[in-house]
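If you want the building blocks of each chain, they are given just below.
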Amino acid sequence: MSLVVLWMIGFLIRNRRQRQQANAQLRNSQQQMEHLSRLSILGELAGRLAHELNQPLATIANYARSLMRRQERGNLSAEALEQAAGEIASEAERAAGILNGIRSFARKRARERSARDMADVVREATGLMGSMLSQAPEFAIHDRLGERRGVMIDTLQVQQVLLNLFKNAWDAQQMAGENRPIEVGLNTESDLCCVTVRDHGPGLTPEQQEHLFEPFFTTKPNGLGLGLSICKTIIEAHGGQLHAQAAVPGPGMEFRFFLPCNTENPALQPKTK
Ligand SMILES: Nc1ncnc2c1ncn2[C@@H]1O[C@H](COP(=O)(O)OP(=O)(O)OP(=O)(O)O)[C@@H](O)[C@H]1O
Ligand SMILES: [Mg+2]
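Residues numbered from 1 in each chain as written. Chains lettered and ligands numbered in written order. Predicted model: local features only at pLDDT ≥ 70, side-chain atom pairs only at ≥ 80, totals over all residues.

1. Looking at the overall build of the protein
Here is step 1 of the chain: Regarding its fold elements, the protein presents 6 helices and 7 strands.
Here is step 2 of the chain: Put simply, the protein runs from its N terminus to its C terminus through helices and strands in the order α-α-β-α-β-β-α-β-β-α-α-β-β.
Here is step 3 of the chain: Computed over its C-alpha atoms, the radius of gyration of the protein comes to 24 Å, more than 25% above the 19 Å expected for a compact globule of 273 residues.
Here is step 4 of the chain: Across its three principal axes, the protein shows a C-alpha extent of roughly 100 × 55 × 45 Å.
Here is step 5 of the chain: A total of 273 residues make up the protein; the buried ones form 23% of that total.
Here is step 6 of the chain: Sequence-distant contacts in the protein: of pairs separated by 6 or more residues, those separated by 24 or more amount to 76%. (Helix = DSSP H or I, 4+ residues; strand = E, 2+ residues; numbered from the N terminus. Rg over C-alpha atoms; globule rule 2.2 N^0.38 Å. Buried ≥ 20, exposed ≤ 12 C-beta atoms within 10 Å, placed from the backbone. Contact = placed C-beta atoms within 7 Å.)

Okay, structure coming up:
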């Protein structure tokens, strides 16, 4: 083999290694970006989380104080003790449930896909939103998924997309002083599972709509302008698409994303309800 050929082979191998390293770095920074964006959603909502946790903690403190008072007065019956202990345990579990949901949303971890029922994922995301807000928005979920309700997804990433869309919808409705529920539609179009999030906020001008998915485009004083661009990256990495349009009838916006139905491995399809 001539020296030139050997040099060419060496060059190609080095080139391939460099590309692999660059791809790994890109994946790594995308993961870090997603993680930061999850922390940013939590950061914005966390102030209200304290309020939400206050309720079970106050109930626990009340029951404990009432037990002590009864004990001091000597009228603590076995039934009262059992009832109060039961309430204390269930309130503590409620608080732990809220914290667990948030911990698993905030944690850093490798991407992993599993077969999920899309409606369950939506319900978990609305629950998470509710547990973080004192005045959580209401959601009207229209589940028109038929037999094909399964998707193969990284649950945390898709929850991140939903929370971003819900948070934007909520911000928009707050701005318009609107209390109507945020509407979440679920349906299937051929082999695609489709989710729509529709708000009754002020909507956007056509010029603003053009920049919607660009990183750092924001009209909010404390916005990072990263939410939608990350949503788009996540949905496209799942082989899907994310679009936005003015809601009809307006005012408001409708965000719609498609994900491929999980048809490849029917054994992994979640059970239909
Ligand atoms: N439902 C909506 N109604 C009206 N405007 C919206 C809606 N969703 C997004 N926008 C507009 O698009 C911009 C970009 O949204 P994006 O979620 O990417 O960033 P952000 O919400 O400003 O900040 P963050 O990075 O914290 O999410 C918003 O600032 C807002 O102007
Ligand atoms: Mg946002």
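2. Section: the nonpolar core
Here is step 1 of the chain: One finds Val161, Leu162, Leu165, Phe166, Cys231 and Phe257 to be the most contacted residues of the largest nonpolar core, which totals 35 residues.
Here is step 2 of the chain: Mapped onto this core, the elements with two or more residues apiece are α3 (118-132), β3 (150-153), α4 (155-175), β4 (182-189), β5 (192-198), α6 (227-237) and β7 (253-260).
Here is step 3 of the chain: The greatest single-element share of this core, amounting to 9 residues, is contributed by α4.
Here is step 4 of the chain: Sequence-distant contacts of Phe166, that is, excluding residues within four places in its chain, are made with Ala125, Met129, Ile182 and Val197. (Core = buried A, V, L, I, M, F, W, Y, C linked by C-beta atoms within 7 Å.)

3. Side note on the site of ligand 1
Here is step 1 of the chain: For ligand 1, the set of nearby residues contains 21 residues, the closest of which are Asn168, Thr218, Gly223, Gly227 and Leu228.
Here is step 2 of the chain: Put simply, the parts of the chain that give the shell around ligand 1 at least two residues each are α4 and α6.
Here is step 3 of the chain: When residues of the shell around ligand 1 are assigned to their parent elements, the largest contribution, 4 residues, is made by α4. (Near = placed C-beta within 6 Å.)

4. Some words on the pairing of β4
Here is step 1 of the chain: Bridging between strand β2 (residues 139-144) and β4 involves 6 bridges; their strand directions are parallel. Of the residues in β4, the one forming a bridge with Ile141 is Val184.
Here is step 2 of the chain: By the bridge criterion, 7 bridges tie β4 to β5 in an arrangement that is antiparallel. In the strand pairing of β5, Glu189 is matched with Leu192.
Here is step 3 of the chain: In this antiparallel pair of consecutive strands, β4 and β5, the connection spans 2 residues, and Ser190 shows a positive phi of 45°. (Pairing = 2+ DSSP bridges.)

5. Thoughts on the domain arrangement of the protein
Here is step 1 of the chain: The domains assigned to the protein are domain 1 (1-109) and domain 2 (114-268).
Here is step 2 of the chain: The C-alpha-based centres of domain 1 and domain 2 are spaced at 21 Å. (Domains from an automatic or database assignment.)

6. A word on α4
Here is step 1 of the chain: With 21 residues, α4 extends 30 Å from end C-alpha to end C-alpha; this agrees with the ideal 30 Å at 1.5 Å per step.
Here is step 2 of the chain: Counting buried positions along α4 yields 15 of 21 residues, so the element is predominantly enclosed.
Here is step 3 of the chain: Phi turns positive one or two residues past the end of α4, at Gly177, with a value near 60°. (Expected span 1.5 Å × (residues − 1).)

7. A closer look at the packing of α4 against α6
Here is step 1 of the chain: Interaxial distance between α4 and α6 falls to 9 Å at its minimum, and their mutual angle equals 145°. When you trace α4 past α6, the crossing you get is left-handed. Contact residues: α4 offers Gln157, Gln160, Val161, Asn164, Leu165 and Asn168, while α6 offers Gly227, Leu228, Cys231, Ile234 and Ile235.
Here is step 2 of the chain: When the residues that make up the contact of α4 with α6 are grouped by side-chain class, the tally is 6 nonpolar, 5 polar and no charged. (Axes fitted to C-alpha atoms, helices over the stretch in contact; angles between N-to-C directions. Left-handed = near helix turned anticlockwise from the far one by under 90°. Nonpolar A, V, L, I, M, F, W, Y, C, P; charged D, E, K, R; others polar.)

8. Digging into the environment of Arg94
Here is step 1 of the chain: Along the chain, Arg94 falls in helix α2 (residues 78-106).
Here is step 2 of the chain: What makes Arg94 partly exposed here is the crowd of 17 C-beta atoms within 10 Å.

9. Observations concerning unusual backbone geometry
Here is step 1 of the chain: The step from Val248 to Pro249 runs through a cis peptide bond, and the omega angle for that step is -5°.
Here is step 2 of the chain: Assignment of secondary structure puts Pro249 in the loop between β6 (241-246) and β7.
Here is step 3 of the chain: Cis geometry is adopted by the peptide bond preceding Pro251, which originates at Gly250 and carries an omega value of -5°.
Here is step 4 of the chain: Among the structural elements, Pro251 can be located in the loop between β6 and β7.
Here is step 5 of the chain: Positive phi values are uncommon outside glycine, yet Ser190 reaches one of about 45°.
Here is step 6 of the chain: Inspection of the secondary structure puts Ser190 in the loop between β4 and β5.

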